[in-house]
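# Structure assessment
Below are the chains, spelled out letter by letter.
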Amino acid sequence: MEIRLWRELLIPYELAVKDLVMKFNLLKKEHREKNLYSPIEQVIGRVKSINSILEKMQDKQISWNELEDRIEDIAGVRIICQFCEDIEKVAELIRNRSDMKVLEEKDYVTHGKNSGYRSYHMIVSYCAETLAGKKEIHAEIQIRTLAMNFWATIEHSLQYKYKGNVPVDLANRLAKAADSVLELDEEMSLVRSEVMDAQKTMLHQSNLVADILNNIENLYYYANRSVAGEILQEFYQLYQEKNCKKLEYFYRELDSLAESYHAQALTYEDI
Ligand code: 0O2
């Protein structure tokens, strides 16, 4: 029998997981930079452990040759959302990407599993580029809410502990907890628009403060240090008032001041 070199086999999967986690985190960042609500709250990735792959091969009678075709979650990415409505938004973002192709979708959100498990799964093919060249691999993307993730994490540990034979009373408790998770997600959806508004305001202020300080630092390094120092003090005073409208006004004033210094610099260069 030909020797399987696990390290070599897993390299493209490790690369794909790193790529995908980075790309989804960048999507989240891009939303925030544009002052948009991000349906992505958190991104986690993992390469399935060799032990777990071997277990699955045994359970499902998968041969070495079928391994990469039949085990679709060697590369796994989990996208956690705040609200149930965000799951479909993330799924749509994935469907519209050109760097991955959706092969299959499993909706365990609408049709939860008997265990109480809820999550949206997408199997995608992704091209990993290693030293050895390009390789198309499969990856499983699990999309779920924070509450669904809490339940699944706890239940997964118990499944592991009892090797799939969770005692009936515990299974009943888990089923009850799953109902509470569903209820919690539904309750949270009712306050979604208010939460989104609050988060948008927080994000706007955070971006505004970063822009103001960036402008003051530019002024400090490239224009007038003492003026920059005075403006910084003014900003700290204004900041204490916690008034976003005044901060916006301050930012606009600062912007035109920076513009005038820029114009002056250009005039000097022309002389
Ligand atoms: P691990 O340790 O997370 O890697 P299928 O061939 O489609 O019938 P498959 O391949 O198991 O079955 O696909 P499925 O059912 O979509 O499950 C894929 C993954 O979803 C699992 O991987 C789990 O991570 C998660 N999952 C599915 N069902 C449950 C559940 O009842 N409870 C929890 N906590 N997670 C679940 P692995 O390989 O089982 O585990």
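For the structure itself, consult the block above.
Residues numbered from 1 in each chain as written. Predicted model: local features only at pLDDT ≥ 70, side-chain atom pairs only at ≥ 80, totals over all residues. Heavy atoms only, no water.

## Some remarks on the site of the ligand
The environment of the ligand is formed by 16 residues, the closest being Lys48, Lys60, Lys106, Lys113 and Glu155. Here Ser115 contributes a side-chain N or O atom positioned 2.9 Å from an oxygen atom of the ligand. Contact distances for the ligand include 3.2 Å between an oxygen atom and a side-chain N or O atom of Gln142. Considering the ligand on its own, with 750 Å² of exposed area, one finds that the protein chains cover 69% of that surface. Contributing elements (two or more residues each) for the shell around the ligand: β5 (133-145) and α5 (146-161). Top contributing element to the shell around the ligand by residue count: α5, with three residues. (Near = heavy atom within 4 Å. Polar contact = N/O pair within 3.5 Å; in protein donor to acceptor, adjacent residues only side chain to side chain. Areas by Shrake-Rupley, 256 points an atom, 1.4 Å probe, with all protein chains shown as cover. Helix = DSSP H or I, 4+ residues; strand = E, 2+ residues; numbered from the N terminus.)

## Observations regarding the pattern of salt bridges
Enumeration over the complete set of coordinates arrives at 17 salt bridges. Between Asp86 and Arg192 there is a salt bridge, and its shortest N-O distance comes to 3.0 Å. Of the two residues, Asp86 is situated in helix α4 (residues 84-95) and Arg192 in helix α7 (residues 192-222); the sequence distance between them amounts to 106 residues. A single network of salt bridges, built from pairs that share partners, joins Arg46, Lys48, Lys56 and Asp73. (Salt bridge = Lys/Arg side-chain N within 4 Å of Asp/Glu carboxyl O.)

## Re the packing of α5 against helix α6 (residues 168-190)
Contact geometry for α5 and α6: axes closest at 9 Å, N-to-C directions at 170°. Of the possible angle classes, the one that applies to α5 and α6 is roughly antiparallel. Listed contacts from α6 to Ala147, Met148, Trp151, Glu155 and Leu158 of α5 are Leu170, Leu174, Ala177, Ala178, Val181, Leu184 and Asp185. Among the residues forming the contact of α5 with α6, the class breakdown is 10 nonpolar, no polar and two charged. (Axes fitted to C-alpha atoms, helices over the stretch in contact; angles between N-to-C directions. Parallel < 35°, antiparallel > 145°, perpendicular 65-115°, else oblique. Contact = heavy atoms within 4.5 Å. Nonpolar A, V, L, I, M, F, W, Y, C, P; charged D, E, K, R; others polar.)

## Let's talk about α4
Compared with an ideal rise of 1.5 Å per residue, which puts 12 residues at 16 Å, α4 spans 18 Å between its outermost C-alpha atoms and is within 8% of the ideal. Inspection of α4 places Asp86, Ile87, Val90, Ala91 and Ile94 among the buried residues, and these make up the whole buried set. The buried residues of α4 occupy an angular sector of 145° when the element is viewed end-on, so they sit on one face. (Expected span 1.5 Å × (residues − 1). Buried < 20%, exposed > 50% of the residue type's maximum accessible area, 1.4 Å probe, protein only. Arc of directions from axis to C-beta.)

## As for unusual backbone geometry
Among all residues except glycine, the phi angle is most often negative; among peptide bonds, the trans geometry is most common. Despite not being glycine, Asn35 shows a phi value in the positive range, around 60°. Non-glycine residue Lys242 carries a positive phi angle of around 50°. Tracing the backbone shows Lys242 in the loop between α8 (225-240) and α9 (244-270). For Lys242, a relative accessible area of 69% gives the class exposed.

## Comments concerning the nonpolar core
In terms of nonpolar packing, the biggest core is built from 48 residues, with Phe24, Ile79, Ile94, Ile141 and Ile143 touching the most fellow members. Among the secondary structure elements, those contributing two or more residues to this core are α1 (6-33), α2 (50-59), β2 (75-81), α4, β4 (120-130), β5, α5 and α6. The leading source of residues in this core is α1, at 10 residues. When neighbours within four sequence positions are excluded, Ile79 is seen to be in contact with Phe24, Ile40, Gln42, Val90, Ile94, Ile141, Gln142, Ile143 and Arg144. (Core = buried A, V, L, I, M, F, W, Y, C linked by side-chain atoms within 4.5 Å.)

## Overview of the pairing of β4
Counting buried residues in β4 gives eight out of 11 residues, a clear majority hidden from the surface. Here 11 bridges tie β4 to β5, and the two strands are oriented antiparallel to one another. Note that in β5 the partner of Glu129 across the bridge is Lys134. Between β4 and the antiparallel strand that follows it, β5, lie two residues. (Pairing = 2+ DSSP bridges.)

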